Amino acid sequence: MTMPDTKSNREKFGKPKSNRGSGAFPQMRAVALLVMSARLIFDIAHAPFSGKKTGERTLMLKILKKIKRKDFLFLFDAGFYSFFSCLVHERKWT
């Protein structure tokens, strides 16, 4: 997501780099876990768009580690590390 170009957003999220300098707006990466039956956002994690520990996998694990319930059915997008996240849950709850 692009963010408004404010001083606090530039400091927290930074602007993307390119071969022509930097981008016009700070960018943020966000990952959300949705409850599809209720059409609600269960949790969301965000970080700067680039840098260490800001990828989708890291943000997804941040959300999943907070979940304590065992009676949820998780469905993941095919490109969203679904096997890895199932393995994390299986190890966490056994």
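Right above here is the structure, for reference.
Below: a short report on this structure. In this text, all values refer to a predicted model and were calculated from it rather than measured experimentally.

## Side note on the overall build of the protein
Right, on to step 1. Within the protein, the secondary structure is distributed over three helices and four strands.
Right, on to step 2. Helices and strands appear in the protein in the N-to-C order α-β-β-β-β-α-α.
Right, on to step 3. Counting only residues that meet the buried cut, the protein has 24% of its 94 residues in that class.
Right, on to step 4. Restricting the contact set of the protein to residue pairs at least 6 apart, pairs at least 24 apart contribute 34%.
Right, on to step 5. Accessible surface, the protein: about 7,200 Å² in total, of which carbon and sulfur atoms supply 58%.

## Focus on the nonpolar core
Right, on to step 1. Membership of the largest hydrophobic core is limited to twelve residues, which are Val31, Leu33, Ala45, Ala47, Leu59, Met60, Leu61, Ile63, Leu64, Ile67, Phe74 and Phe76.
Right, on to step 2. Those elements that place two or more of their residues in this core are β3 (28-35), β4 (40-48) and α2 (56-64).
Right, on to step 3. Looking at this core, the element that brings in the most residues is α2, giving five residues.
Right, on to step 4. The residues contacting Ile63, other than those within four sequence positions of it, are Val31, Ala32, Leu33, Asp43, Ile44 and Ala45.

## Description of the pattern of salt bridges
Right, on to step 1. Scanning the entire structure with this criterion turns up three salt bridges.
Right, on to step 2. Residue Asp5 pairs with Lys15 through a salt bridge whose shortest N-O separation is 3.5 Å. With Asp5 in the segment before α1 (7-13) and Lys15 in the loop between α1 and β1 (17-18), the pair connects residues that are ten residues apart, well separated along the chain.
Right, on to step 3. Residue classification places Lys15 among the partly exposed residues on the basis of a relative accessible area of 26%.

The rules behind each value
Residues numbered from 1 in each chain as written. Predicted model: local features only at pLDDT ≥ 70, side-chain atom pairs only at ≥ 80, totals over all residues. Heavy atoms only, no water. Helix = DSSP H or I, 4+ residues; strand = E, 2+ residues; numbered from the N terminus. Buried < 20%, exposed > 50% of the residue type's maximum accessible area, 1.4 Å probe, protein only. Contact = heavy atoms within 4.5 Å. Areas by Shrake-Rupley, 256 points an atom, 1.4 Å probe, with all protein chains shown as cover. Core = buried A, V, L, I, M, F, W, Y, C linked by side-chain atoms within 4.5 Å. Salt bridge = Lys/Arg side-chain N within 4 Å of Asp/Glu carboxyl O.

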